[in-house]
Amino acid sequence: ELGIYSLASMIFRGCFILGIAMSTYYIPDIIKCHGARDYSEMIRLSKHLQKISVIFIILVSVVISIFYKYVISNYMPEYSLIKYPLIIMLVSAAIMPLALYGNILNIISRQKVYFQSLIISTFINGILTYILLANGYGINGAAISLLCSILFFVSYLRYYGKIIFNKLISDNEKRFSV
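If you're wondering where the values come from, they're calculated on a predicted model, not measured in any experiment. (Residues numbered from 1 in each chain as written. Predicted model: local features only at pLDDT ≥ 70, side-chain atom pairs only at ≥ 80, totals over all residues. Heavy atoms only, no water.)

A. The arrangement of the layout of surface pockets in detail. Looking at the largest pocket, its volume works out to about 390 Å³. A class-by-class count of the residues in the lining of the largest pocket yields 13 nonpolar, eight polar and no charged. Here the second largest pocket defines a volume of roughly 240 Å³. Residue lining of the second largest pocket: Phe-12, Phe-16, Met-96, Tyr-114, Leu-118, Ser-121, Thr-122, Asn-125, Leu-146, Ser-149, Ile-150 and Phe-153, and that is the complete set. (1 Å grid on protein atoms, 1.4 Å probe; cavity = no way out; pocket = protein on both sides within 12 Å on 5 of 7 lines; lining within 4 Å. Points joined across faces, edges and corners; volume = space filled by probe spheres on them. Nonpolar A, V, L, I, M, F, W, Y, C, P; charged D, E, K, R; others polar.)

Encoded structure:
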């Protein structure tokens, strides 16, 4: 099962890296908006990036699903157990861009919040993986723990990111309205 989970994990990381690559295209524009104090444009660009990333990851997931159906199940039957962990991981990859404020927090020098969300979600993943593996859920349990930790990560960033971003806007309005 470890080899199967490794293959699913590599595919997940590939989708994750595609999202990061797309971010690098938008980050300079988001930084310019921050410098110009155009916060509505920062959010607009971040939402656009989020939408494009999710659509792209879904398209890649469809291609991977077709590959699974016609190649893995026919020519690599020893990897047929990859189906469910792969589906769970592809859903996880599609959820990742929904964090929205990840890039913004880094741009506005609030990396600590981003780092906290990574640490806590990693801890959640480790604990859930241990619990699910110990209870016999195998690679499906490990994939479910990844999904849960990513759901936490996205929720944490959206919640605290919105609070911090709104405070930034409010502070700047006060500073420049005088």
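B. Seen up close, the packing of helix 2 (residues 39-75) against helix 3 (residues 83-95). Between helix 2 and helix 3, whose axes approach to 9 Å, the crossing angle comes to 165°. Here helix 3 runs roughly antiparallel to helix 2, going by the angle between their axes. As for how helix 2 packs across helix 3, the hand of that crossing is right-handed. Between helix 2 and helix 3, the residues in contact are Val-54, Ile-57, Ile-58, Ser-61, Ile-64 and Tyr-68 and Lys-83, Leu-86, Leu-90, Ala-93 and Ala-94, respectively. Looking at the contact of helix 2 with helix 3 residue by residue, the classes come out as nine nonpolar, one polar and one charged. (Axes fitted to C-alpha atoms, helices over the stretch in contact; angles between N-to-C directions. Helix = DSSP H or I, 4+ residues; strand = E, 2+ residues; numbered from the N terminus. Parallel < 35°, antiparallel > 145°, perpendicular 65-115°, else oblique. Left-handed = near helix turned anticlockwise from the far one by under 90°. Contact = heavy atoms within 4.5 Å.)

C. Representation of the nonpolar core. By size, the foremost hydrophobic cluster in this structure holds 48 residues, and its most contacted members are Met-42, Ile-104 and Phe-165. Those elements that place two or more of their residues in this core are helix 1 (2-35), helix 2, helix 3, helix 4 (102-107) and helix 6 (138-177). For this core, the element with the highest residue contribution is helix 6, accounting for 12 residues. The contact partners of Met-42, leaving out residues within four places of it in the chain, are Ile-30, Cys-33, His-34, Ile-104, Ile-107, Ile-108 and Phe-165. (Core = buried A, V, L, I, M, F, W, Y, C linked by side-chain atoms within 4.5 Å. Buried < 20%, exposed > 50% of the residue type's maximum accessible area, 1.4 Å probe, protein only.)

D. Geometry of the environment of Phe-152. Along the chain, the position of Phe-152 falls in helix 6. Through-space distance from the C-alpha of Phe-152 to that of Leu-118 is 9.5 Å; in sequence the pair is 34 residues apart. If sequence neighbours within four positions are ignored, Phe-152 has contacts with Ser-117, Ile-120, Ser-121 and Ile-124.

E. Quick peek at the confidence of the model for the protein. On average, residues of the protein score 89 in pLDDT, and 97% of them reach the 70 mark or higher. Element-level mean pLDDT values for the protein span from 83 in helix 1 up to 95 in helix 5 (residues 111-134). (pLDDT = per-residue confidence, 0-100.)

F. Seen up close, unusual backbone geometry. Positive phi, close to 65°, is recorded for Leu-100, a residue that is not glycine. Of note, the phi angle at Ser-109 is positive, near 65°, even though the residue is not glycine. Within the secondary structure layout, Ser-109 lies in the loop between helix 4 and helix 5. We classify Ser-109 as exposed; its relative accessible area is 53%.

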